[in-house]
Amino acid sequence: MQRTGLPLCMSYYPKEGNPLWGKYSTEVVAHTIKTYSKFTIPYEYPVAISVHGPVGGMEYPMICFNGGRPEKDGTYSADRKYGMISVIIHEVGHNFFPMIVNSDERQWTWMDEGLNTFCQYLTEQEWERNYPSRRGEPRNMVDYMRTDKSLQTPIMTNSESVLQFGNNAYGKPATALNILRETVMGRELFDYAFKTYATRWAYKHPQPADFFRTMEDASAVDLDWFWRGWFYTTDRCDLALDAVKTYKPNTRNPGLESARLQNERQAQVPSLSTQRNATDLKTTAVDEKPDLKDFYNNYDPLAVTEADKQRYFQYLSTLTPQQQQRLNGNLNFYELSLRNVGGLVMPVIIQMTYEDGSQELTTIPAEIWRKNNEQVSKIIITPKNVVSFV
Ligand SMILES: [Zn+2]
């Protein structure tokens, strides 16, 4: 189906809907069509209509029915205003999922409600800065995802068996896709892959695997771990930083390292036997017959020899200037022990606070968990001293 020209956006409402409906409804319909077309595919139906009626919200191809009526005196609360705008975006958005990208909503509610709620979030945020979106932000899913697992079902659950419909099929997939876009893939790659899915499956009947596969092959990113955690389990995101160990690199410089080892040796407390023998044992066999002594009785293995220095210079000559700098650059090495408490495999976002008060955010990609999804460690190297990792 190819149509030229723009669709006509319209609203039908009784005068009791004013001033909200006259001011916002048609503007919101047009904004929705534009924004969804940008993230998915161009809207090819001739019209898009929002009708005000005594309902929450219900979608049909090209027409939808939405609530959100002001008080009798024409005033309205912020909740009423944003609730009305959101429901119009949502119901008009259904033209794309599942009307155009025609997934089976009886089997997989998330494929239309979840993807639509995600696009609704994008559209709300493009309507107005700091729009009070009810769904889409990760923080809004925390309370649900940490509830008892017996009260949850994976997103990949047949529609008839879904528990907590709104959180499971609307909110969680919207948050999952938001995290995939902002933290895992990045906007450019995600948007390209998501648009490829809509283009490839418009006017066809995609199954969940078609969505998963298209997001992966359009972006060339292996996301199996993401689908598995977010869509096939009820695991939650809870990562613990159990311990931090500090290291300094071994410079192999005999001048420096030998002094360090000698200090360590000196700091060692002698064993009980050694302490008691120092007083209890008057002489040893070697004391009695000094002839038994040889080179090793006076040799200090930690003393620096000419050969040690030669070996060190030899070693330095094999290093690039950059490696030499790293060796002697007074760098701090921190080994972070990380534990996956909640089960969900996720990137690890760490905030470091330095001694000078400055802060830095670093993201460790989720692939760090690929060989062990319960416990891993990560080395962070920095010239500045870190006072806290969060
Ligand atoms: Zn819906």
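Source: prediction; values computed, not measured. (Residues numbered from 1 in each chain as written. Predicted model: local features only at pLDDT ≥ 70, side-chain atom pairs only at ≥ 80, totals over all residues. Heavy atoms only, no water.)

Student: How do you make sense of the packing of aromatic side chains when you look at a structure like this?
Tutor: The geometry of two aromatic rings is summed up by the distance between their centres and the angle between their planes. Evaluation of the coordinates by the stated rule reveals 31 aromatic pairs. Relative to Phe211, the ring of Phe194 lies with its centre 6.5 Å away and its plane at 85°, an arrangement referred to as edge-to-face. Note that Phe194 is positioned in helix α7 (residues 187–201) and Phe211 in helix α8 (residues 208–219), a separation of 17 residues in sequence. A relative accessible area of 0% places Phe211 in the buried class. (Phe/Tyr/Trp six-rings, centres within 6.5 Å; stacked < 30°, edge-to-face > 60°. Helix = DSSP H or I, 4+ residues; strand = E, 2+ residues; numbered from the N terminus. Buried < 20%, exposed > 50% of the residue type's maximum accessible area, 1.4 Å probe, protein only.)

Student: How do you make sense of the domain arrangement of the chain when you look at a structure like this?
Tutor: How big an interface is tends to be stated in terms of the accessible area lost upon association of its parts. With domains assigned, the chain is organised as domain 1 (8–232), domain 2 (239–246 + 331–389) and domain 3 (252–327). Summarising the inter-unit geometry, the C-alpha centres of domain 1 and domain 3 are found 70 Å apart. (Domains from an automatic or database assignment.)

Student: Explain the pattern of salt bridges here, please?
Tutor: As enumerated under the stated definition, the model contains 17 salt bridges in all. Among the salt bridges present, the one from Glu182 reaches Arg187, with a minimum N-O distance of 2.9 Å. Residue classification places Glu182 among the partly exposed positions, given a relative accessible area of 39%. Across the salt bridge formed by Arg236 and Asp238, the nearest N and O atoms sit 3.8 Å from each other. (Salt bridge = Lys/Arg side-chain N within 4 Å of Asp/Glu carboxyl O.)

Student: Just checking my understanding: could you explain unusual backbone geometry for this structure?
Tutor: With glycine set apart, most residues show a phi of negative sign, and most peptide bonds adopt trans. Following Asn18, the chain continues into Pro19 via a peptide bond in cis, with omega recorded as 10°. With an omega of 10°, the peptide bond between Phe97 and Pro98 qualifies as cis. Looking at the element boundaries, Pro98 is found in helix α3 (residues 95–100). Although it is not a glycine, Gln164 sits at a positive phi angle of roughly 50°. Mapped onto the secondary structure, Gln164 falls in the loop between α5 (142–145) and α6 (165–185).

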